[in-house]
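# Secondary and tertiary structure notes
Each chain is listed here by its residues.
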Amino acid sequence: MACRQQEIQSQQKNAKKQAGQKKKQEHDQKAAANAALIYTCTVCRTQVPDPKTFKQPLESKHPKTPLPPELADVQA
Ligand SMILES: [Zn+2]
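Quick look at the structure, then. The structure displayed is predicted, hence computed values, not measured ones. (Residues numbered from 1 in each chain as written. Predicted model: local features only at pLDDT ≥ 70, side-chain atom pairs only at ≥ 80, totals over all residues.)

## Observations concerning the overall build of the chain
Cut-off, in case you're wondering: Strands are runs of DSSP state E lasting at least two residues, helices are runs of H or I lasting at least four, and both sets are numbered from the N terminus onward. The burial label depends on the number of other C-beta atoms within 10 Å of a residue's C-beta. Counts of 20 or more mean buried, 12 or fewer mean exposed, and intermediate counts mean partly exposed, with C-beta atoms placed from the backbone.
For the chain, the count of helices and strands is three helices and two strands. Sequence-ordered secondary structure for the chain, helices as α and strands as β, is α-β-β-α-α. For the chain, the proportion of its 76 residues judged to be buried stands at 5%.

This is the structure:
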């Protein structure tokens, strides 16, 4: 029954491989989400993770600087 055993082993190997790929995908999505959450002030280059905490200091620090479009809709 060497053949059958080999088949099982190769199936197990495949399952392991697929699990590894899934893990990597999840990691990439997390990294992408994290990157999307970081806003950089166009004036002083301050980086903040949340637009709500970003909008207020930006408005008070640089009142004459127009808000970036992605923050214009944010309700602080
Ligand atoms: Zn700033």
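Once the structure has been displayed, the description carries forward.
## Examining helix α2 (residues 51-61)
As a reminder, the rule being used: Each C-beta atom gives one direction from the helix axis, and the arc is the one those directions make. Contact between two residues is assigned when their C-beta atoms, built from the backbone, lie within 7 Å.
Where α2 is concerned, the buried positions are F54, K55 and L58. One side of α2 carries all its buried residues, which in axial view fall inside an arc of 100 degrees. Of the exposed residues in α2, the ones pointing more than 90 degrees away from its buried face are K52, T53, Q56 and S60. Where α2 is buried, its residues contact β1 (39-40), β2 (47-48) and α3 (69-72).

## Digging into unusual backbone geometry
Although it is not a glycine, R45 sits at a positive phi angle of roughly 65 degrees. Among the structural elements, R45 can be located in the loop between β1 and β2. Assessed through the 7 C-beta atoms surrounding it within 10 Å, R45 is described here as exposed.

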